[in-house]
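Survey of secondary and tertiary structure
Here's the letter readout for the chains.
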Amino acid sequence: MATALSEEELDNEDYYSLLNVRREASCEELKAAYRRLCMLYHPDKHRDPELKSQAERLFNLVHQAYEVLSDPQTRAIYDIYGKRGLEMEGWEVVERRRTPAEIREEFERLQREREERRLQQRTNPKGTISVGIDATDLFDRYEEEYEDVSGSGFPQIEINKMHISQSIEAPLTASDTAILSGSLSTQNGNGGGSINFALRRVTSAKGWGELEFGAGDLQGPLFGLKLFRNLTPRCFVTTHCALQFSSRGIRPGLTTVLARNLDKNTVGYLQWRWGVQSAMNTSIVRDTKTSHFTVALQLGIPHSFALISYQHKFQDDDQTRVKGSLKAGFFGTVVEYGAERKISRHSVLGAAVSIGVPQGVSLKIKLNRASQTYFFPIHLTDQLLPSAVFYATAGPLVLYFALHRLVIRPYLRAQKEKELEKQRESTATDILQKKQEAEAAVRLMQESVRRIIEAEESRMGLIIVNAWYGKFVNDKSKKSEKVKVIDVTVPLQCLVKDSKLILTEASKAPRIASFVGSVHTAPPGRY
């Protein structure tokens, strides 16, 4: 059967094809195939320096394939995940004699840990930039006594507050981490900054502790201690105590959080805060693959409130999420709704509309780019105006779809084309290398094929005269297509044993000797 040889097929290394055995081959079949190929590719059987070098390379590949497939655990890993599974760190500590299902679960765990390590490295340093914008003049226009004042006909939009924070984590040892953070804030012309240093130590698998030192121009020195401890496999506690020195004296503070896993996806929290703005808070958070739900109740001074929020996660490539929340307390009532979506590999764009009494209407835009967060709260009006709600909702949607169509989509398409071009260049090099290895394998088979032909002629057995593999163009309308056919006479003759040609159900591999399709036998004669 003639089929096309794609670049993807040639680029995939398959150990079963390399040994010319089926995927269900027994240990005895693997051992027999390994011995036969070792005799064929053993470097000592070739005197020519070039052939000897090529034989040594192929011999090492065959040995590598046999080492993987002869071990039940590595074979199970290879069958499920291929070479990338074998390259995963952590298999050396996995208990042997596990089932494929257990191996799959262990692989996913190791992969998550590796991704978390990569994410941790990528998110250092972490930072936040927040720019508050006062746009109330767009909707809350008042008649001025002097309307002829220059510029009074245009609404004034101004930045009334800014906040910048940055943190860097530096691992000192396997259990110690130093954290340096700082922040700058300004509002209506007044501002200040602070700097903090923390040293975290992991004391055991169940807990860690952190010492914190800080200072700022608006407040005095700060000394803090934070402790985390797993009480049971389903329960943990966090305690944070601090001493804030100021011109008014020492302000102590204590915050304790007790959490318990109620089920696989639900966690309950109890929080007690003593000091400035003392309060007690209880909340339940349920996080699943498709949703995130939170309900909370707080009693405190000066703020007491009840909160309920829900977020739906769409299972699409852009990781779209829509959310809504209701918060009511002594300060008033706030309703908030919004959405967020992934716009590139490391960027997530979100927007939310906040409607409250007496807060008014605000639009909040947030961009997460890797470890950096950019937040833009825009205050539109102090009143509940339908026009403000409409523009806060429709404006970001229209702007997003316009940007997505005119900017984001063309940019992502150009990036994808660049990656494909790089992949094609890399694949072309690999294909050339595989082709050279296949040609070397055919040259190494010549002596063995000569002996096989002599033995078959003596018994009037099977001799393959010509054999080709590839894409044959018979249709006249397709004559312009490039014919992709290779001569596989020598490798097929090398597979003949006792006047039978045995082809296994292995996948197509770059080595000519393993271009196979199905299992069958042939009667004596010439083909």
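Residues numbered from 1 in each chain as written. Predicted model: local features only at pLDDT ≥ 70, side-chain atom pairs only at ≥ 80, totals over all residues. Heavy atoms only, no water.

Attention shifts here to the side chain of Ser-347. Along the polypeptide, Ser-347 turns up in strand β15 (residues 347-357). A distance of 3.0 Å separates polar atoms of two side chains, one belonging to Ser-347 and the other to Ser-344. (Helix = DSSP H or I, 4+ residues; strand = E, 2+ residues; numbered from the N terminus. Polar contact = N/O pair within 3.5 Å; in protein donor to acceptor, adjacent residues only side chain to side chain.)

The subject of this paragraph is the nonpolar core. Core analysis: the largest hydrophobic core is formed by 30 residues, its most contacted members being Leu-19, Tyr-41, Leu-69 and Met-445. Considering every element that reaches this core, the biggest residue donor is helix α4 (residues 49-70), with nine residues. Setting aside chain neighbours within four positions, we find Leu-19 in contact with Leu-30, Ala-33, Arg-36, Leu-37, Val-62, Ala-65, Tyr-66 and Leu-69. (Core = buried A, V, L, I, M, F, W, Y, C linked by side-chain atoms within 4.5 Å. Buried < 20%, exposed > 50% of the residue type's maximum accessible area, 1.4 Å probe, protein only. Contact = heavy atoms within 4.5 Å.)

All right, on to the confidence of the model for the protein chain then. Residues of the protein chain with pLDDT of at least 70 account for 81%, and the chain-wide mean is 80. Put simply, helix α1 (residues 7-11) is where the protein chain has its lowest mean pLDDT, 36, and strand β12 (residues 305-313) is where it has its highest, 96. Low pLDDT (under 50) marks residues 143-147, which in the prediction has one contact with non-local residues, meaning those over four places away or in another chain. This model gives residues 507-526 a pLDDT under 50, and the stretch forms 71 contacts once residues within four places in sequence are excluded. (pLDDT = per-residue confidence, 0-100.)

Buried within helix α5 (residues 72-81) we find Gln-73, Arg-75, Ala-76, Ile-77, Tyr-78 and Tyr-81. One or two residues past the end of α5 sits Gly-82, with phi positive at roughly 70 degrees.

Next up on the list: the pattern of salt bridges. Counted under the stated rule, the structure contains eleven salt bridges. Measuring nitrogen to oxygen at the nearest pair gives 3.6 Å for the salt bridge that ties Glu-169 to Lys-126. Of this pair, Glu-169 sits in strand β2 (residues 158-171) while Lys-126 sits in strand β1 (residues 126-134); the two residues are 43 residues apart in sequence, bridging distant segments of the chain. For Lys-126, a relative accessible area of 35% translates into the label partly exposed. Through salt bridges with shared partners, a single ionic network connects Arg-22, Glu-24 and Glu-29. (Salt bridge = Lys/Arg side-chain N within 4 Å of Asp/Glu carboxyl O.)

In this section: the pairing of β15. Where strand β14 (residues 332-342) meets β15, ten bridges bridge the pair, whose relative direction is antiparallel. Among the inter-strand pairings, Glu-340 is bridged to a residue of β15, identified as Gly-350. The antiparallel pairing of β14 with β15 creates a hairpin that spans four residues between the two strands. In this sheet, strand β16 (residues 360-369) lies alongside β15 in antiparallel orientation, the contact comprising ten bridges. Bridge pairing in β16 links Leu-349 to Leu-367. Hairpin geometry of β15 and β16 is characterised by an intervening segment of two residues between the two adjacent antiparallel strands. (Pairing = 2+ DSSP bridges.)

Before going further, it helps to spend a moment on the packing of helix α3 (residues 27-41) against α4. In the contact formed by α3 and α4, the axes pass within 9 Å of each other and the chain directions differ by 170 degrees. Classified by the interaxial angle, the pair formed by α3 and α4 is roughly antiparallel. Together, Leu-30, Lys-31, Tyr-34, Leu-37, Cys-38 and Tyr-41 of α3 and Ala-55, Glu-56, Leu-58, Phe-59, Val-62, His-63, Tyr-66 and Leu-69 of α4 make up the contact between the two elements. Of the residues that constitute the contact of α3 with α4, the class distribution is eleven nonpolar, one polar and two charged. (Axes fitted to C-alpha atoms, helices over the stretch in contact; angles between N-to-C directions. Parallel < 35°, antiparallel > 145°, perpendicular 65-115°, else oblique. Nonpolar A, V, L, I, M, F, W, Y, C, P; charged D, E, K, R; others polar.)

So, about the packing of aromatic side chains. Per the stated rule, a full pass over the model turns up ten aromatic pairs. On the numbers, 5.7 Å between centres and 85 degrees between planes, the contact of Phe-213 with Phe-223 is edge-to-face. Here the residue Phe-213 occupies a position in strand β5 (residues 207-216), and Phe-223 occupies one in strand β6 (residues 222-232), the gap between them amounting to ten residues. By relative accessible area, which is 39% here, Phe-213 ends up partly exposed. (Phe/Tyr/Trp six-rings, centres within 6.5 Å; stacked < 30°, edge-to-face > 60°.)

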